[in-house]
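As a plain string of letters, each chain reads:
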Amino acid sequence: MGCWKQEKTSTWFFPTLILCLYGFFYMMKPSEPFLTPYLTGPDKNLTTDEVTNQIFPVWTYSYLALLFPVFLLTDYVRYKPVLLLQGLSLIVTWLLLLFAHGVVAMQLVEFFYGMVTATEVAYYAYIYSVVSSQHYQRVTSYCRSVTLVAATVAAVLGQLLVSLAGVSYFHLNAISLASVSLAFVCALFLPMPQRSMFFHRKDAPEPVPEPGKGLAVGTAPRPQSCQEERSPAAAAGAPSPQPQAGSAGPHRHLLGVLLQLGRDLRHCYGSRKLLCWSLWWALATAGFNQVVNYVQVLWDLRAPSHSSAVYNGAVEAIATFLSSVTSFLVQYMQINWDHFGELALGIFSAIDAGCLFLMHFSTSIWACYAGYLIFKACYVLLLTIATFQIAVNLSMERYALMFGFNNFIALLIQTILTIVVVDSRGLGLDIVTQFLIYGSYFAVIHGIFMIRSICVLVSCKCQRKIVRSCTEQLNQAEHESREQIVTSHMTWL
């Protein structure tokens, strides 16, 4: 029996199945699209200003404070304990949502949910530490697909229960609590990994999957150099293997890991192409997170939940589906992204800005719903392209590092936006004015990348002219040389 269990857990199938079950129950929260109506309704009796300016900003602050230490802790303790911590944080979050009252209690809810989002890295990194690289593409597909399916099912289920069965928001949150509790139980059965990206490497190198086959956080025993042409000085800065955790003191090893992270970041951001895509990633993700965090407040203003039908769940389900479709369509786009990548970033950022301006100026809830659907689909489309463009030039390990750092910069920008625009200690703007600010923010992103795209296209055109001119001169010189040879030959005759 023990041998069978050991054989079962040593294959890729068992940990992938358990992690997918965890991901499904973790995302299966039908109450999430209805959080703002629940908080401002009779269950909690909070005002819109309290929710917007005092409660929701706490999530951003806690996420920022926890992200980097949790990232290091996740690698040091080898993922599973952090997944258990995430499960416990989810349970505490929904227990407080169900039974606690008052602004302070809901701020505590946001703190624990910040812990949940900070520990998400463990979900996407765990599987690469327990399966071989030949299964990376398959397990990446499974783990990411199951979260999209669960989010869609949860949104549809929540909408059906609210609209057709008349289920209260309190009972929706009770269903969410049951689901996250099942996720925690699933995490208990995950096998403990024996390696991690930085602190627990294996000496024997394992082949890295081909570029583009795995776009999530992964593990590689030795970091590979960025696959772009670099100067000899940059090549000399390529990372070297880290020693095992037990070969030096813990403090010295931690310092070595941090120094190695710094060298890797400097090496990868030395590429102008990667820097451009990463800049858009950070700027757009900050704005996107702000919109997603506060869009329910705007919806509740346009169609108050106590006097209007609420379709938040249906909108979130459609948005998730459209996002999946746009991500799927990226593989069929035959575009030279080196030349037209910045142009695409500029055009779709303009569309995002237009959607946010529509949500600001229109008083129709249906216009707000439509603007949100287009906004999210465009963002996910560009994020998929940016992910691919970054991943094809990096090893799995360095992609994980850039993914984490880009999100950290995005969170830093988002925190600044929250302090200045949302927090009651800052401007504390009302929700309608906030969306005017967010629309202007994406308009600035549009301007940055349109200017950059014009420079790139003009540069390419000039280079083509130079090449064509050189080719014509060479052809003319060759023609003249032939004429001289013929003339000299005829003279000799």
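The structure under discussion appears in the preceding block.
What counts and what doesn't
- Here the residue index of a chain counts from 1 through its sequence in written order.
- Two thresholds apply to this predicted model, a pLDDT of at least 70 for residue-level local features and 80 or more for giving and counting side-chain atom pairs, whereas whole-chain, interface and lining totals are computed over all residues.
- The side-chain figures draw on all heavy atoms in the structure; neither hydrogens nor water molecules are used.
- A run of H or I in DSSP counts as a helix once it spans at least four residues, and a run of E counts as a strand once it spans at least two, with each numbered from the N terminus.
- Each residue is placed in one exposure class: buried if its accessible area under a 1.4 Å probe, protein chains only, is under 20% of its type's maximum, exposed if it is over 50%, and partly exposed if it falls in between.
- Whether two residues touch is decided by their heavy atoms; if any such pair falls within 4.5 Å, the residues are in contact.
- Shrake-Rupley sampling with a 1.4 Å probe provides the accessible areas, and residues are treated as covered by the protein chains on show and by no other component.
- Nonpolar cores were defined as sets of buried Ala, Val, Leu, Ile, Met, Phe, Trp, Tyr and Cys residues, with membership established by side-chain atoms within 4.5 Å.
- Given a helix with a known number of residues, its expected span is that number minus one, times 1.5 Å.
- Identification of polar contacts relies on pairs of N or O atoms within 3.5 Å, with a donor-acceptor requirement for protein atoms, meaning one able to donate a hydrogen and the other able to accept it, and with residues adjacent in sequence counted only if both atoms are side-chain atoms.
- What counts as an axis is a line fitted to C-alpha atoms, over the stretch in contact for a helix, and the angles between N-to-C directions run from 0 to 180 degrees.
- The crossing is said to be left-handed when, going from far helix to near helix, the turn is anticlockwise and less than a right angle, and right-handed when the turn is clockwise.
- Put simply, Ala, Val, Leu, Ile, Met, Phe, Trp, Tyr, Cys and Pro go in the nonpolar bin, Asp, Glu, Lys and Arg in the charged bin, and everything else, Gly too, in the polar bin.
- With respect to orientation, any angle under 35 degrees is reported as roughly parallel, any angle over 145 as roughly antiparallel, any angle of 65 to 115 as roughly perpendicular, and every other angle as oblique.
- The patches reported here contain residues having more than 30% relative accessible area and no salt bridge. Joining distances are 9 Å for like charges and 5 Å for nonpolar side chains (Val, Leu, Ile, Met, Phe, Trp, Tyr).
- By convention in these notes, a salt bridge is any Lys or Arg side-chain nitrogen within 4 Å of a carboxyl oxygen on Asp or Glu.

Undergrad: I'm lost on the overall build of the protein in this one. Help?
TA: Of the regular secondary structure elements, the protein holds 17 helices and 0 strands. Taking all 493 residues of the protein together, the buried fraction comes to 49%. Contacts in the protein between residues at least 24 apart in sequence constitute 83% of all its contacts with a sequence separation of at least 6. Surface summary for the protein: the accessible area is close to 22800 Å², and the carbon and sulfur share equals 67%.

Undergrad: Before we go on, may I ask you to explain the environment of Ala183 in this structure?
TA: Here Ala183 is to be found in helix α9 (residues 169–188). With a relative accessible area of 0%, Ala183 lands in the buried category. Distance in space between the C-alpha atoms of Ala183 and Leu88 is 9.5 Å, their sequence separation being 95 residues. When near neighbours in sequence (up to four residues on either side) are disregarded, Ala183 contacts Tyr22, Phe25 and Tyr26.

Undergrad: Got a minute to help me understand the nonpolar core in this structure?
TA: A general feature of soluble globular proteins is that nonpolar side chains tend to end up buried together. Met106, Trp280, Trp299, Met359 and Phe435 are the most contacted members of the largest nonpolar core, which has 122 residues in total. In terms of residue count, helix α12 (residues 272–302) provides more of this core than any other element does, 16 residues in total.

Undergrad: Before we go on, may I ask you to explain helix α6 (residues 103–118) in this structure?
TA: The terminal C-alpha atoms of α6, which comprises 16 residues, lie 23 Å apart, in line with the 22 Å expected from a rise of 1.5 Å per residue. Elements in contact with the buried residues of α6: α2 (13–27), α3 (35–40), α4 (48–76), α5 (80–99) and α7 (120–126).

Undergrad: Which parts of the structure should I look at to understand the side chain of Asn173?
TA: Counting through the fold element by element, Asn173 comes out in helix α9. We classify Asn173 as buried; its relative accessible area is 2%. Reaching out from Asn173, the side chain makes a polar contact with the side chain of Ser31 at a distance of 3.1 Å. With near-sequence residues (within four places) excluded, Asn173 lies in contact with Ser31, Tyr38, Trp94, Leu97 and Leu98.

Undergrad: Quick question: what am I supposed to make of the packing of α4 against α6 here?
TA: When two helices pack together, their arrangement is given by the angle between the helix axes and by the axis-to-axis distance. Two elements in contact, α4 and α6, have axes whose closest approach is 7 Å; the angle formed by their N-to-C orientations is 35°. Seen from above, α4 lies across α6 with right-handed handedness. Residues Glu50, Gln54, Ile55, Phe56, Val58, Trp59, Ser62, Tyr63, Leu66, Leu67 and Val70 of α4 touch α6, and the partners they reach there are Val103, Met106, Gln107, Glu110, Phe111, Tyr113, Gly114, Met115, Thr117 and Ala118. Considering only residue class, the contact of α4 with α6 consists of 14 nonpolar, 5 polar and 2 charged.

Undergrad: Which parts of the structure should I look at to understand helix α13 (residues 312–329)?
TA: Each turn of an α-helix holds 3.6 residues, which means side chains three or four residues apart point in the same direction. Helix length check: α13 (18 residues) gives 26 Å between terminal C-alpha atoms against 26 Å at 1.5 Å per residue, within 8%. All of the buried residues along α13 are Asn312, Gly313, Val315, Glu316, Ala317, Ala319, Thr320, Ser323 and Thr326.

Undergrad: Mind showing me how you'd approach the environment of Phe340 here?
TA: Residue position: Phe340 is located in helix α14 (residues 337–361). Spatially, the C-alpha atoms of Phe340 and Ser453 are 7.1 Å apart, while their sequence positions differ by 113 residues. Ignoring sequence-local partners within four residues, the contact set of Phe340 consists of Ile335 and Leu457.

Undergrad: How do you make sense of unusual backbone geometry when you look at a structure like this?
TA: Keep in mind that most residues, glycine aside, have a negative phi and that most peptide bonds are trans. Phi angles above zero are rare outside glycine, and Asn45 is one such case at about 55°. Note that Asn45 resides in the loop between α3 and α4. Exposure remark for Asn45: the relative accessible area of 59% places this residue in the exposed category.

Undergrad: Can you help me understand the packing of α4 against α12 in this one?
TA: Running from amino to carboxyl end, α4 crosses α12 at an angle of 155°, the nearest separation of the two axes being 11 Å. By the criterion of interaxial angle, the relationship of α4 to α12 is roughly antiparallel. Here the hand of the crossing between α4 and α12 comes out right-handed. Facing Thr48, Thr52, Phe56, Pro57, Trp59 and Thr60 of α4, the residues of α12 in contact are Gln290, Asn293, Tyr294 and Val297. Taken together, the residues that form the contact of α4 with α12 break down as 5 nonpolar, 5 polar and no charged.

Undergrad: Any chance you could explain a nonpolar patch on the surface here in plain terms?
TA: A grouping of Ile318, Phe321, Leu322, Val325, Phe328, Leu329 and Tyr332 is seen on the molecular surface, where their side chains present a nonpolar patch of about 670 Å² in accessible area. Here Tyr332 is to be found in the loop between α13 and α14. Residue classification places Tyr332 among the exposed positions, given a relative accessible area of 54%.

Undergrad: Whenever I open this one, the pattern of salt bridges confuses me. Can you help?
TA: Pairs can form between side chains of opposite charge whenever their charged atoms are close. Enumeration over the complete set of coordinates arrives at 3 salt bridges. The salt bridge involving Glu316 is made with Lys376; its shortest N-O contact spans 3.7 Å. Here the residue Glu316 occupies a position in helix α13, and Lys376 occupies one in helix α15 (residues 365–391), the gap between them amounting to 60 residues. An identical accessibility class is assigned to Glu316 and Lys376; each is buried. A salt bridge links Arg425 to Asp423; its shortest N-O distance comes to 3.0 Å. Assessed through its relative accessible area of 70%, Arg425 is described here as exposed.

Don't take any of this as a statement about function, it's just geometry.
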